[in-house]
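Overview (structure and organization)
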Amino acid sequence: MLEVIAFVAFAMALAAFLGGRKTAERLEAEIISLRAEIARLSERQTAVEPAPSRADEAQAPGTIEVEDEGKAGPWSRAARGAHEEAGAQEQAEDGGRNGQVAAAAIAEAPTPSAESLESRIGAQWPVWVGGLALALGGYFLVQYSIDAGLLSPTVRLTLAAAFGLALGIAGEVIRRRAMPTIADRFRHAMIPGVLTAAGAATLFGVVYAAHGVYGFIGTAAAFVLLALISLVTVALSLWHGQALAGLGLLASLLTPLFVSSEESRPWVLFGFLSIAWLATLFASRFRQWTVVPTLANAGLGLWGLAYVVGVTPFEALPVTFALLVMIAGVGLIWPGGGERAERAPGAGRADAAAAGPWERLFAPPYAAVTVSSAIAATVLALLFISPAVTAERFPVQEFVVVIAALALVGALRPTAVYPALFAAFGAIAGTWTLTALSDVLAYLDPALPQLSPEVVVPGSTAMLAAMTLAALFVLLSSFVLDRRLGTHSQFAILWAGIGGVVPNAVLAMSFLMTGKFAFDLSHGLAGFIGGLFLLAFVEWLYRRSAETRDMNTRGNGYR
């Protein structure tokens, strides 16, 4: 059955390609004939209407001037003024008539009709169906060869790789030779982009199968090959547009589903997804895309969710690596430095000027990218320590590292306000889970139902995680107040609130569940050091601002 599907897919793709080529040739012939007809009509009009001669019109004023040259009386000057006024009025009337004729010609000229939905679907659906069929054909070529065992693994992968390369070369050839002659309405069909995306998807599957299924190549070789394919896809998407990047992203996300093995290899899976995500992000950085990186964040988060929930026990370290790659990419690559070029020239500048400072703070440029990454990282970090899933070991360190990385990006980038907020929420909710605060409610009132299953974690581990998060948020809030208070005051005020709420909340929960009510040296010392640090920091900020004011006052006095 699979070979029939592959054959039908190839036939449909070939028919779509040949049909598009014939349509392009026919349209090119019609355009050439129309240009020739326009040139012939222009020549005929030029021959029928000769250029008017201005000899008489130029002679009359000259004669009058010669006759009146020796006359300086008032009657001669009046005659010359009347003649000039009559000539100016005549020229104005001729100009008005010419303008009316031109306006009438423009009004009578046929306006190009907008492309209808039927023509758009009719022009594009064979190309999209053909591209999908080619991509499925590449996948089925590998999958069916695995199931049937007709050829050796080496031959299977070689044929699939040759098929993918042929698709990519065909797409590039069509883009360079055929696309410049195709009419505008057929450019939206994206014939080269579809072929290139199908070839990239096939090559992704080949490399993944060679490493993850057969073990022909090692981790380093697979990493290099996947990185090479990703970079080539990125380079081609810069010419073919965001749709090719989206198709390449979809293909990379679906590759582990079509070409899979019985053994679970999370490092291979999330290493592959990280490379594909980075390739998409680099393309988005060069072209300033928003939709594709947002979908990439969502896809990476969904793969992490499926693995953590579906595999028992799961390894948290590969998922943590992928999340750290995503957080670092959003903070450093795209939209990393969005505060330096928030908007395109002339785009939304009036709205930005009309909005207040707090509105601009919570509506940063390219917010969809940062919000999607923050949601994915926070949800997976909380899921690591959730009692609903089972890990090989309780991943407290992975939870702290992901929250810390998200908070660090939120402190370094004034446009990353949502990562900062989600990091604060994740720290409080994660400490709640670690310290099993729901047991306190049941202890205070046994009639209350238990809100969540009990989490078995040593008290020292929960206390250390809470103190680490508290110290982290105190340091990051101090950094933001030091660096951003003068330039981004609203952002600094927000972080001042985060630095006041989060450390107190996590330390209070830790003391309530793991501390000793009579005498607790650890929590007491942590609170004392934190309070002393904040007092010293506030005093230093006050002295620095006072010195700055004095310097400004002296400078104004010298002036």
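Higher on the page you've got the structure.
Residues numbered from 1 in each chain as written. Predicted model: local features only at pLDDT ≥ 70, side-chain atom pairs only at ≥ 80, totals over all residues. Heavy atoms only, no water.

1. What to know about the overall build of the protein chain
Put simply, the test is: Numbering goes from the N terminus for both helices and strands, where a helix is a DSSP run of H or I of at least four residues and a strand is a run of E of at least two. The criterion used for residue contact is that any of the two residues' heavy atoms lie within 4.5 Å. All accessibility values rest on the Shrake-Rupley procedure with a 1.4 Å probe; residue burial counts only the protein chains present in the view.
For the protein chain, the count of helices and strands is 21 helices and zero strands. Long-range pairs, those at least 24 residues apart, make up 78% of the contacts in the protein chain with a sequence separation of at least 6. Carbon together with sulfur atoms contributes 66% to the accessible area of the protein chain, which is approximately 31400 Å² in total.

2. As for the pattern of salt bridges
As a reminder, the rule being used: Whenever Lys or Arg places a side-chain nitrogen within 4 Å of a carboxyl oxygen from Asp or Glu, that contact is recorded as a salt bridge. Residue burial is assigned from relative accessible area. The probe radius is 1.4 Å, only protein chains are included, and a residue is buried under 20% of its type maximum, exposed over 50%, and partly exposed in between.
Inspection of the entire model under this criterion finds five salt bridges. Here Arg393 and Glu398 are joined by a salt bridge, their closest N and O atoms 2.6 Å apart. Owing to a relative accessible area of 45%, Arg393 belongs among the partly exposed residues under this scheme. Judged by relative accessible area, Glu398 falls into the buried class, the value being 5%. Between Asp482 and Arg483 there is a salt bridge whose closest N-O contact spans 3.8 Å. When salt bridges with common partners are traced through the structure, they connect Asp482, Arg483 and Arg544 into a single cluster.

3. Description of helix α15 (residues 367-384)
As a reminder, the rule being used: One less than the residue count of a helix, multiplied by 1.5 Å, gives the span that helix is expected to have.
With 18 residues, α15 should reach 26 Å at 1.5 Å per residue; the first-to-last C-alpha distance of 26 Å fits that figure. The set of residues buried in α15 consists of Val369, Thr370, Ser372, Ser373, Ala374, Ala376, Ala377, Thr378, Leu380, Ala381, Leu383 and Phe384. Buried positions along α15 lie against α11 (291-310), α12 (316-332), α16 (396-412) and α17 (417-435).

4. Observations regarding the side chain of Asn297
The condition that has to hold: Throughout this description, a polar contact denotes any pair of N or O atoms lying within 3.5 Å of each other; where both atoms belong to protein, one of them has to be capable of donating a hydrogen while the other can accept it, and for residues adjacent in sequence the pair is counted only when both atoms sit in side chains.
Its location among the elements puts Asn297 in helix α11. Take Asn297: its relative accessible area is 0%, and that puts it in the buried class. A polar side-chain atom of Asn297 sits 3.1 Å from the main-chain carbonyl oxygen of Val369. The residues touching Asn297, leaving out its near neighbours within four places in the chain, are Trp277, Met326, Val330, Val369, Ser372, Ser373 and Ala376.

5. Observations regarding empty space enclosed by the protein
Note the following rule: The way it works is a 1 Å grid over only the protein atoms, where trapped points that fit a 1.4 Å probe form a cavity and open points with protein on both sides within 12 Å along at least five of seven lines form a pocket, and then any residue with an atom within 4 Å of a point lines it. Grid points are joined across faces, edges and corners, and a volume is the space filled by probe spheres set on the points.
Using the criterion set out here, one finds four cavities of 30 Å³ or more in the structure. Of the voids in this model, the largest cavity is the one considered here, and its volume is about 90 Å³. In this structure, the largest cavity is lined by 13 residues; those nearest its centre are Thr233, Val234, Ala245, Ala279 and Thr280. Listing elements by their share of the lining of the largest cavity, those giving two or more residues are α8 (219-240), α9 (242-258) and α10 (266-287).

6. Overview of the packing of α11 against α12
A pair of packed helices is characterised by two quantities: the angle between their axes and the separation of those axes. Stated precisely, the cut-off is as follows: Axis lines are fitted to C-alpha atoms, over the contacting stretch for helices. Their N-to-C directions set the angle, which ranges from 0 to 180 degrees. Here roughly perpendicular refers to angles of 65 to 115 degrees, roughly parallel to angles under 35, roughly antiparallel to angles over 145, and oblique to all remaining angles. Each crossing gets its handedness from the near helix: less than a right angle anticlockwise from the far helix is left-handed, clockwise is right-handed. Gly falls in the polar group here, along with every residue not listed as nonpolar (Ala, Val, Leu, Ile, Met, Phe, Trp, Tyr, Cys, Pro) or charged (Asp, Glu, Lys, Arg).
Look at α11 against α12: their axes get within 11 Å of each other, and the N-to-C directions meet at 165°. Classified by the angle between their axes, α11 and α12 sit roughly antiparallel to one another. As α11 runs across α12, the sense of the crossing is left-handed. Seen from α11, the contacting residues are Asn297, Leu300, Gly304, Tyr307 and Val308; seen from α12, they are Val319, Ala322, Met326 and Val330. Looking at side-chain class alone, the contact of α11 with α12 contains seven nonpolar, two polar and no charged residues.

7. Quick word on the nonpolar core
For clarity, the cut-off: As used here, the term nonpolar core means buried Ala, Val, Leu, Ile, Met, Phe, Trp, Tyr and Cys residues forming a set that is joined through side-chain atoms within 4.5 Å.
Grouped together as the largest cluster of nonpolar side chains are 90 residues, with contacts concentrated most on Phe473 and Trp495. In terms of residue count, the dominant contributor to this core is helix α19 (residues 459-484) (11 residues). The residues touching Trp495, leaving out its near neighbours within four places in the chain, are Ala407, Gly410, Ala411, Ala420, Phe473, Leu476, Ser477 and Val480. The next biggest cluster of nonpolar side chains, apart from the first, holds six residues, and it includes Phe163, Ile174, Ile191 and Leu195.

8. A short note on the packing of aromatic side chains
Working definition: an aromatic ring pair is given by the centre-to-centre distance plus the angle between the planes. This is how it is decided: Planes of paired rings set the category: under 30 degrees apart is stacked, over 60 is edge-to-face and the rest tilted, where pairs are Phe, Tyr or Trp rings (Trp by its six-membered ring) whose centres lie within 6.5 Å.
In total, this model carries 14 aromatic pairs according to the counting rule given. Here Phe314 and Phe384 contribute two aromatic rings whose centre-to-centre distance is 6.2 Å and whose plane-to-plane angle is 25°, an arrangement assigned as stacked. On the criterion of sequence distance, the pair formed by Phe314 in the loop between α11 and α12 and Phe384 in helix α15 is long-range, its members being 70 residues apart. Of the two residues examined, Phe314 and Phe384, each falls in the buried class. Judged by centre distance (6.4 Å) and plane angle (20°), the ring pair of Trp358 and Phe362 falls under stacked. For Trp358, a relative accessible area of 38% puts it in the partly exposed group. These aromatic residues form a ring-pair network of at least three members: Phe270, Tyr307, Phe314 and Phe384.

9. What about α8?
Taking 1.5 Å as the rise per residue, α8 with 22 residues should run 32 Å; its terminal C-alpha atoms sit 31 Å apart, in good agreement. Those residues of α8 that fall on the buried side of the exposure criterion are Ala222, Leu226, Ile229, Ser230, Thr233, Val234, Leu236, Ser237 and His240. Gly241 sits one or two residues past α8 and shows a positive phi near 100°.

10. Some points on unusual backbone geometry
Cis peptide bonds are those with omega within 30 degrees of zero, and the linkage from Thr312 to Pro313 qualifies with -10°. Tracing the backbone through its elements, the reader meets Pro313 in the loop between α11 and α12. Here the amide bond leading from Trp334 into Pro335 is cis, since omega sits at 0°, within 30 degrees of zero. Looking at the secondary structure, you find Pro335 in the loop between α12 and α13 (349-354). In this model, Gln288 sits at a positive phi of 60°, which is unusual for a non-glycine residue. By the secondary structure assignment, Gln288 is in the loop between α10 and α11.

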